[in-house]
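# Architecture and fold: a report
Each chain, written out:
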Amino acid sequence: MIAVTAQSGNNPGMAIEQVKNYFKEFGQEHRIMELDESTATVATAAAAHGVEPGQIGKTLSFKLEEEPILIVTAGDAKISNSKYKARFSKKAKMLNAEEVLEHTGHPVGGVCPFGLPKKLPVYLDISLRRFEEVIPAAGSLNSSIKLTLEELEDYSNALEWVDVCDVAG
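In this report, the structure presented in the accompanying data block is examined. (Residues numbered from 1 in each chain as written. Predicted model: local features only at pLDDT ≥ 70, side-chain atom pairs only at ≥ 80, totals over all residues. Heavy atoms only, no water.)

### Points about the environment of Lys-20
Here Lys-20 is to be found in helix H1 (residues 12–24). With a relative accessible area of 23%, Lys-20 lands in the partly exposed category. Along the backbone, Lys-20 and Ala-86 are 66 residues apart, and their C-alpha atoms lie at a distance of 36 Å. Among residues more than four places away in sequence, those in contact with Lys-20 are Glu-29, Ile-32 and Glu-34. Engagement of the side chain of Lys-20 in a polar contact is seen with the side chain of Glu-34, the distance being 2.6 Å. (Helix = DSSP H or I, 4+ residues; strand = E, 2+ residues; numbered from the N terminus. Buried < 20%, exposed > 50% of the residue type's maximum accessible area, 1.4 Å probe, protein only. Contact = heavy atoms within 4.5 Å. Polar contact = N/O pair within 3.5 Å; in protein donor to acceptor, adjacent residues only side chain to side chain.)

### As for the sheet that holds strand S6 (residues 133–136)
Reading across the sheet, the 6 strands line up as S8-S6-S2-S3-S5-S9 and stay open at both edges, with mixed pairing between neighbours. Bordering the open sheet on either side are strand S8 (147–148) and strand S9 (160–162), each of which pairs with just one other strand. Sheet topology places strand S5 (residues 122–125) next to S9; 3 bridges connect them, and they run parallel. Among the inter-strand pairings, Leu-124 is bridged to a residue of S9, identified as Trp-161. Its contacts with the sheet place helix H2 (residues 42–49) against strand S2 (56–64) and S6, and it is angled at close to 155° to S2. (Pairing = 2+ DSSP bridges. Axes fitted to C-alpha atoms, helices over the stretch in contact; angles between N-to-C directions.)

### Quick word on the pairing of strand S3 (residues 67–74)
With 7 of 8 residues buried, S3 is to be regarded as a mostly interior element. Where S2 and S3 come together, 8 bridges link them in antiparallel fashion. Residue Phe-62 lies in a different strand from S3, and its bridge partner there is Ile-69. Connecting S2 to the next strand, S3, in antiparallel fashion are 2 residues, including Glu-65 with a positive phi near 55°.

### Here we look at the pattern of salt bridges
Enumeration according to the criterion identifies 9 salt bridges in this entry. Of the charged contacts, one joins Asp-166 and Lys-83 as a salt bridge, the two residues approaching to 3.2 Å between their closest N and O atoms. Of this pair, Asp-166 sits in strand S10 (residues 165–167) while Lys-83 sits in helix H3 (residues 81–88); the two residues are 83 residues apart in sequence, bridging distant segments of the chain. With a closest N to O distance of 2.7 Å, Arg-87 and Glu-160 form a salt bridge. With Arg-87 in helix H3 and Glu-160 in strand S9, this residue pair connects regions lying 73 residues apart in the sequence. Of the residues examined, Arg-87 reaches a relative accessible area of 31% and is grouped as partly exposed. (Salt bridge = Lys/Arg side-chain N within 4 Å of Asp/Glu carboxyl O.)

Distances and angles like these do not, on their own, reveal function.
Dropping the structure here:
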């Protein structure tokens, strides 16, 4: 696994720079895409990239024992309360927008598991495994990066793959 070393404050304007700096450590900063249109929602990101919504990697932020965790899911997946509780032994409790910014350094709509101010537990949901490549945000409301699942796992320092979602069908 790749170690998280990037530092950021909680200035949303700096989040994209933190993600770029993070990927610069691996010579991959050129892969970050900054678009003219918004990619802040799954629908807008999918339209901007010309892919189905499921291929957008959305990063959700939760409190677990009062500590934040991140779960990257397919864009068309929804957290299943019963699966989440079975895996984490607690009811799913999402962070509010202020807490998200505080803990990730990224604004809602640009949250990703890269360039974080401190290392957070990151989990990848198996809903992503339907795709060879996924497109998570990259710290701002109009940025993203296309990654293979192996790259996502490595660059996010994911702890493990989990099954906590249901996919709309």
